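Next come the chains, spelled out residue by residue.
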Amino acid sequence: MLRITSRNARFQQWQALLTNRNKRQRAREFLVQGVRPISLAVEHGWTVRALLIDADRRPSEWASGLLRTLPAAVERIAMAPELLAELGEKNEAAPELVAVVELPADDLDRIPVGPDFLGVLFDRPSSPGNIGSIIRSADAFGAHGLLVSGHAADVYDAKSVRASTGSLFALPAVRVPSPREVMDWVGARRAAGCPVVLVGTDEHGERQVDDFDFTQPVLLLVGNETAGLSTAWRELCDHTVAIPMTGAASSLNAASAATTVLYEAARQRRRALVPAPR
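This is a predicted model, so every value here is computed, not measured.

Enquirer: How should I be thinking about the pairing of strand 7 (residues 145-149) in this particular structure?
Expert: Each regular strand shows side chains that alternate between the opposite faces of the sheet. Extensive coverage of strand 7 is indicated by the burial of five of its five residues. The sheet contact formed by strand 6 (residues 118-123) and strand 7 spans five bridges and is parallel. Paired with Gly-119 across the two strands is Gly-145, which belongs to strand 7. Here strand 7 runs beside strand 8 (residues 173-176); their pairing, made up of four bridges, is parallel. Within strand 8, the residue paired with Leu-146 across the bridge is Ala-173. For the segment spanning strand 7, helix 7 (residues 158-163) and strand 8, crossover handedness is right-handed.

Enquirer: Honestly, the sheet that holds strand 12 (residues 239-242) in this entry has me stumped. Any pointers?
Expert: Sheet strands pair via backbone hydrogen bonds, and the direction of the pair is either parallel or antiparallel. The strand order across the open sheet built from seven strands is 8-7-6-11-9-12-10, with neighbouring strands paired in parallel fashion. Unpaired on one side and paired on the other, strand 8 and strand 10 (207-208) mark the two borders of the sheet. Packing against the sheet, helix 6 (residues 128-140) makes contact with strand 6, strand 7, strand 8 and strand 11 (218-222), and its axis sits at approximately 170 degrees to strand 6. In the packing of helix 10 (residues 254-273) onto the sheet, the strands contacted are strand 6, strand 9 (197-201) and strand 11, and the crossing angle to strand 11 comes to about 160 degrees.

Enquirer: So what exactly am I meant to see when it comes to the nonpolar core here?
Expert: Among soluble globular proteins, nonpolar side chains are generally buried collectively. If you look at the biggest cluster of nonpolar residues, it comprises 51 residues, and the most contacted ones within it are Phe-30, Leu-146, Leu-168, Phe-169 and Phe-214. Of the domains in this structure, domain 1 (2-102) and domain 2 (108-273) are the two that each give at least three residues to this core. When sequence neighbours within four positions are dropped, the list of residues in contact with Leu-146 reads Ile-111, Val-120, Phe-122, Ile-131, Ile-134, Ile-135, Leu-171, Pro-172, Ala-173 and Val-174. Counting residues in each nonpolar core, the second largest holds 19 residues, with Phe-11, Ala-50, Ile-77 and Val-98 among its members.

Enquirer: Can you help me understand helix 3 (residues 35-43) in this one?
Expert: Regarding helix 3, the residues found buried are Pro-37, Ile-38, Leu-40 and Ala-41. Looking straight down helix 3, one finds its buried side chains confined to an arc of 165 degrees; they lie on one side. Opposite the packed face of helix 3, turned more than 90 degrees from it, sit the exposed residues Arg-36 and Glu-43. Where helix 3 is buried, its residues contact strand 2 (29-33), helix 4 (61-69) and strand 5 (97-102). Two residues or fewer after helix 3 comes Gly-45, characterised by a positive phi angle close to 80 degrees.

Enquirer: Is there a simple way to think about the sheet that holds strand 3 (residues 48-54) in this case?
Expert: What the five strands build is an open sheet, ordered 1-4-3-5-2; its pairing is mixed. Each edge of the open sheet carries a strand with a single partner, namely strand 1 (2-4) and strand 2. Pairs of neighbouring strands in the sheet enclose a mean axial angle of 25 degrees, with direction left out of account.

Enquirer: Explanation requested: the packing of aromatic side chains in the structure shown.
Expert: The description of an aromatic ring pair rests on the distance of the ring centres and on the angle between the ring planes. Tallying each qualifying case throughout the model produces seven aromatic pairs. Both rings, one in Trp-46 and one in Phe-169, keep their centres 4.9 Å apart while their planes meet at 85 degrees; by these two values the pair is edge-to-face. Of this pair, Trp-46 sits in the loop between helix 3 and strand 3 while Phe-169 sits in the loop between helix 7 and strand 8, and the two are 123 residues apart along the sequence. Judged by its relative accessible area of 14%, Trp-46 is buried. For Phe-169, a relative accessible area of 3% corresponds to the buried category. Here the aromatic rings of Phe-212 and Phe-214 are separated by 5.0 Å at their centres, their planes lie at 70 degrees, and the arrangement is edge-to-face. Here Phe-212 matches Phe-214 in class, with each residue buried.

Cut-off values and rules
Residues numbered from 1 in each chain as written. Predicted model: local features only at pLDDT ≥ 70, side-chain atom pairs only at ≥ 80, totals over all residues. Heavy atoms only, no water. Buried < 20%, exposed > 50% of the residue type's maximum accessible area, 1.4 Å probe, protein only. Helix = DSSP H or I, 4+ residues; strand = E, 2+ residues; numbered from the N terminus. Pairing = 2+ DSSP bridges. Right-handed = clockwise from strand over helix to strand, strands pointing away. Contact = heavy atoms within 4.5 Å. Axes fitted to C-alpha atoms, helices over the stretch in contact; angles between N-to-C directions. Core = buried A, V, L, I, M, F, W, Y, C linked by side-chain atoms within 4.5 Å. Domains from an automatic or database assignment. Arc of directions from axis to C-beta. Phe/Tyr/Trp six-rings, centres within 6.5 Å; stacked < 30°, edge-to-face > 60°.

Okay, structure coming up:
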């Protein structure tokens, strides 16, 4: 097992993955921190390229099991705890493990689309934490995938990965450059018999969220945290919905708004599955 005790070139490469999007893209890998996220990455079949291990700690039962489970081709690297703490972004104790995981392709076909399709598109998000939060909510409420559109924060930024609390590995998240690619994909699904409806969130929506039928195949569009949906996406919406609110607040944070609408969609879908009383 290789041992790293200094800030050598490999350490610096992994350190750059935390903050440098271009280096993540070139290396096609990112760092994963925490027991639950690493466990879910392995459970859902993501490719682990390396495990960085605290050189001074006896492996826990969880870590030992993980080391036995992963293929021999996965590199194991013992690292000085103070260096591992930097990669784990811990101020005090080093994490037991940090995983180096391969970036998946940004392929829309990773997202399954069927009669019960529920997807989310986040238009030009500026906060990686909000991306992670929406991934977590989408996973919790039965969505099938997230699309991140346009010039946006990165799905694989460390803040996004942490905020998703592991849901990133259970829910496909795909980055797309513009509406054109999404509409080609939606058009192909419609042509195949799945009538996906584009529903935008807007404080001036044409109807309230609880008055809209979310039991049909839906792609929910959520706008940028400051500017909302772009003009291009607004024009492509089949419908817009508003969240009824009271009090002084005029709008919700993008992640909160998405969570609210996803909850309503899940509520309607659960209710639709309950047989009507005789």
